[in-house]
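Single-letter residue listing:
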Amino acid sequence: MDDRRLPPDDSEELGRREAELRAARRANLDALRERGIDPFKATHFEITAHATDLTEVYATLTADSPPQTEVHSLAGRLMAVRKMGKKAIWADVWDRTGRLQIYVQEDVLGHDAVALFDLLDIGDFIGVTGTVFRSKKGDLTLRVASFEVLSKSLAPPPDKWHGLVDVEKRYRQRYIDLAVNEQVRETFIKRSKIVAEIRRFCDERGFLECETPVMLHVAGGATARPFRTHHHALDLALDMRIATELNLKRLIVGGLERVYELGRIFRNEGIDRTHNPEFTMLELYAAYWSVHEMMDFNEEMFSHLVRHVHGGDELVYGERRISFKRPFKRVKYFDVLAEYGGLKRDELLDPAGVFRIQESLRLPRSQTHGQALDKIFERIVEPRLVDPTFVHDYPVLISPLAKRKPDDLDVVDRYELFGANFELANAFTELNDPDDQRARFEAQIQERRKGDEEIPPPDWDFVNALEYGMPPTAGIGIGIDRLVMVLTDNASIHEVILFPLQRPLG
RNA sequence: GCGCCUCUAGCUCAAUGGUAGAGCAUCGGCCUUUUAAGCCGCUGGUUCCGGGUUCGAAUCCCGGGGGGCGCACCA
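This structure is a prediction, so every number in the text was calculated from the model and none was measured.

**Observations regarding the overall build of chain A**
Secondary structure summary: chain A contains 16 helices and 19 strands in total. The 506 residues of chain A split such that 34% are buried. Counting contacts in chain A only where the partners sit at least 6 residues apart, residues at least 24 apart contribute 64% of the total.

Here it is as structure tokens:
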């Protein structure tokens, strides 16, 4: 609706009603300017308090308490105005911490100032100064001794009670969504804190945050179709990265030992409740760790984050209650398929057998053995995994970058962590044998020829890097958006991405 | 890409094929402890777009667009 092609105030684009609403606000702007107040000239306001802080500090204040003397200043958006005639106004001011009621009285401010306040519209930014009291109805309230107009809102805000509900408009105009829907703002504040906490957690354990290129000659390290772009000066075709894996492992070869990147990944795929074309992934690598140490690290990080956000080990996700109490459940890949699906390892590892199983499950036949395994697992096991569960000992078939177990060559030292019915982490002991890596890349070339376009062309320089020697290393990938979904109880990835991709209008 | 649902005033929603309505917001009036303030009054429409059927279409049909959900694809 509002991805406007024309400037927003072009009246030809507006409905008559909206044009009227905007005109009324502009009239108030003009009236303010006539009184020498230009809301858009304000540059600074000295804030001494925030809404929620005051609410906490004065928690014990009652309506009978003696008058307070301490003066506070806060700034925010005017979100509701209740006028009691021309001489008294109650209103709500929202700042980044929450809401505080203010009380504007002619007895305190004088006639002219109250008349000036009367020119404000919902959505305007103001700075208010005064002392607090508790109203008869029980709300902490700032008695306004003075105020400043800090900015003007010229566009009509959504319904004060229902807020903005239309999902499309919420995503396209997230600024309105954030301004009026408190839960939305809370989700993104939580996201930011979760990401900061993840960084702190990794930094504390000696990991270096590294930044590797987003644009690459060949996007590798995962199976996905990349976005293509182009460098003009070099007349060079480039891919946007689909993983940070290969470059981070180059850093391990280079001796940095403990590295991570918390970065944006781009995959040219469909969009649904759990997929956005750009998303954020944590990849982390630790030299001299096996997948077992990584499992411990992973478990510690997740239970720490759950405690950080929820104050305990449990959280509610949709209809489910999920416990992140350590230790998490641990099961072997083939064991769990046997347990939940009665499927045998030998049959799953046999190309003919795997397609027979797909048929019996009435799944569409996959193009490759590996894809078929993934589909079967997704159907049989994922729906059962609510509490966090490490599924380990993955088949080498679907793990082209992981090290084989010495005593079982069909299986690699890899796990995926599932919770809330989807994958939350993927980790393995990294393959560091250049000959094995070369052979697996060559095998992938065959798969690619068979029609699996998701498989990237090999990055031969990566094999070269391994030839210089990489220490034994464990690596992990964590989809941050999905983790935030679980931690903030959001059912769609678009609810945890500020500006999810939308088709253009018109 | 396929299927189902959806799009009505600035916002939230009504309207069996028969004059498009309400609440909030806006605008005007009354009110110095309200908090979805209250009371009185006035405004406000390209019913997503384009065709068609019909005496008559927000409603039915066809085509197109946006979004949501599911499937497929995919971490």
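**Quick look at the domain arrangement of chain A**
Structurally, chain A comprises domain 1 (16-157), domain 2 (208-328 + 387-495) and domain 3 (331-381). If you average the C-alpha positions of domain 1 and of domain 3, the two centres end up 63 Å apart.

**A word on the protein's contact with RNA strand B**
As a matter of local geometry, RNA strand B sits amid 60 residues, with Gly-15, Arg-17, Gly-85, Ser-135 and Lys-137 nearest to it. Of the residues forming the surface near RNA strand B, the biggest block, six residues, is contributed by helix 1 (residues 16-34). Broken down by class, the residue content of the surface near RNA strand B amounts to 19 nonpolar, 17 polar and 24 charged.

**Quick word on the sheet that holds strand 8 (residues 228-231)**
Sheet architecture is open: three strands sit in the order 7-9-8, paired in antiparallel fashion. Each edge of the sheet is formed by a strand with only one pairing partner; in this case those strands are strand 7 (215-216) and strand 8. Where strand 8 meets strand 9 (residues 236-240), four bridges bridge the pair, whose relative direction is antiparallel. Within the sheet, the bridge partner assigned to Thr-229 lies in strand 9 and is Leu-238.

**Side note on unusual backbone geometry**
Cis geometry is found at the peptide bond from Arg-326 to Pro-327, where omega equals -5°. For Pro-327, the position within the fold is in the loop between strand 13 (320-323) and strand 14 (329-332). Despite not being glycine, Asn-421 has its phi angle at roughly 70°, a positive value. Mapped onto the secondary structure, Asn-421 falls in the loop between strand 17 (408-419) and strand 18 (422-429). With 16 C-beta atoms packed within 10 Å, Asn-421 lands in the partly exposed category.

**Description of the packing of helix 12 (residues 351-360) against helix 13 (residues 369-380)**
Axis separation between helix 12 and helix 13 bottoms out at 10 Å; the angle between their running directions is 40°. Compared by their axis directions, helix 12 and helix 13 come out oblique. As helix 12 packs across helix 13, the resulting crossing turns out to be left-handed. Contacts between helix 12 and helix 13 pair Pro-351, Val-354, Phe-355, Ile-357 and Gln-358 from the former with His-369, Ala-372, Leu-373, Lys-375 and Ile-376 from the latter. Grouping the amino acids of the contact of helix 12 with helix 13 by side-chain chemistry returns seven nonpolar, two polar and one charged.

**Re the sheet that holds strand 4 (residues 125-134)**
If you trace the five strands once around the closed barrel, you get 1-2-3-5-4, paired in mixed fashion. Strand-to-strand, the axes of this sheet are offset by a mean angle of 50°, without reference to chain direction. By the bridge criterion, eight bridges tie strand 2 (residues 88-95) to strand 3 (residues 98-105) in an arrangement that is antiparallel. Across the sheet, residue Asp-95 finds its bridge partner in strand 3, namely Gly-98.

**Quick notes on helix 16 (residues 480-488)**
For helix 16, the buried fraction is high: nine of the nine residues fall into the buried class. Of the positions making up helix 16, those classed as buried are Ile-480, Asp-481, Arg-482, Leu-483, Val-484, Met-485, Val-486, Leu-487 and Thr-488. Asp-489 sits one or two positions beyond helix 16 and adopts a positive phi of about 55°.

**Details of the pairing of strand 18**
Across the eight residues of strand 18, six count as buried, placing the element largely inside the fold. Two elements, strand 17 and strand 18, share six bridges in a ladder whose sense is antiparallel. Across the sheet, residue Glu-416 finds its bridge partner in strand 18, namely Asn-426. Taken together, strand 17 and the strand that follows it, strand 18, pair antiparallel across an intervening segment of two residues, in which Ala-420 is found at a positive phi of about 55°. Taken together, the five bridges between strand 18 and strand 19 (residues 473-479) define a ladder with antiparallel strand orientation. Bridging across to strand 19, Asn-426 finds its partner in Gly-477.

**What about the environment of Val-354?**
Assignment of secondary structure puts Val-354 in helix 12. With 24 C-beta atoms packed within 10 Å, Val-354 lands in the buried category. A sequence separation of 15 residues divides Val-354 from His-369, and the C-alpha atoms of the two residues are 6.9 Å apart. Once you skip the residues sitting within four places of it in the chain, Val-354 turns out to touch Leu-348, His-369, Ala-372 and Leu-373.

**A short note on helix 13**
The end-to-end C-alpha distance of helix 13 is 16 Å, a good match for the 16 Å that twelve residues give at a rise of 1.5 Å each. Where helix 13 is concerned, the buried positions are His-369, Gly-370, Ala-372, Leu-373, Ile-376 and Phe-377. Projection of helix 13 onto a plane perpendicular to its axis shows the buried side chains occupying an angular sector of 160°, all on one side.

**A word on the nonpolar core**
Grouped together as the largest cluster of nonpolar side chains are 79 residues, with contacts concentrated most on Met-294, Leu-337, Ala-427 and Ile-478. Top element by residues in this core is helix 9 (residues 291-310). It accounts for eight residues. Residue contributions to this core reach at least three from each of two domains, namely domain 2 (208-328 + 387-495) and domain 3 (331-381). Once residues lying within four places of it in the same chain are set aside, the contact partners of Met-294 are Ala-286, Trp-289, Ala-427, Ala-474 and Ile-476. Counting residues in each nonpolar core, the second largest holds 25 residues, with Ala-75, Val-93, Phe-125 and Val-144 among its members.

**Brief notes about the environment of Ala-372**
Locating Ala-372 in the fold gives a position in helix 13. The sequence separation of Ala-372 and Arg-17 amounts to 355 residues, and the corresponding C-alpha distance is 56 Å.

**Comments concerning the confidence of the model for chain A**
Model confidence for chain A is summarised by a mean pLDDT of 93, while 97% of its residues fall at 70 or above. Within the model, the stretch residues 1-6 combines pLDDT values under 50 with ten contacts to residues more than four positions away or in other chains. At the level of chain-chain contacts, confidence expressed as ipTM amounts to 0.94, with global pTM at 0.94.

Quick notes on the rules
Residues numbered from 1 in each chain as written. Chains lettered and ligands numbered in written order. Predicted model: local features only at pLDDT ≥ 70, side-chain atom pairs only at ≥ 80, totals over all residues. Helix = DSSP H or I, 4+ residues; strand = E, 2+ residues; numbered from the N terminus. Buried ≥ 20, exposed ≤ 12 C-beta atoms within 10 Å, placed from the backbone. Contact = placed C-beta atoms within 7 Å. Domains from an automatic or database assignment. Near = placed C-beta within 6 Å. Nonpolar A, V, L, I, M, F, W, Y, C, P; charged D, E, K, R; others polar. Pairing = 2+ DSSP bridges. Axes fitted to C-alpha atoms, helices over the stretch in contact; angles between N-to-C directions. Parallel < 35°, antiparallel > 145°, perpendicular 65-115°, else oblique. Left-handed = near helix turned anticlockwise from the far one by under 90°. Expected span 1.5 Å × (residues − 1). Arc of directions from axis to C-beta. Core = buried A, V, L, I, M, F, W, Y, C linked by C-beta atoms within 7 Å. pLDDT = per-residue confidence, 0-100.

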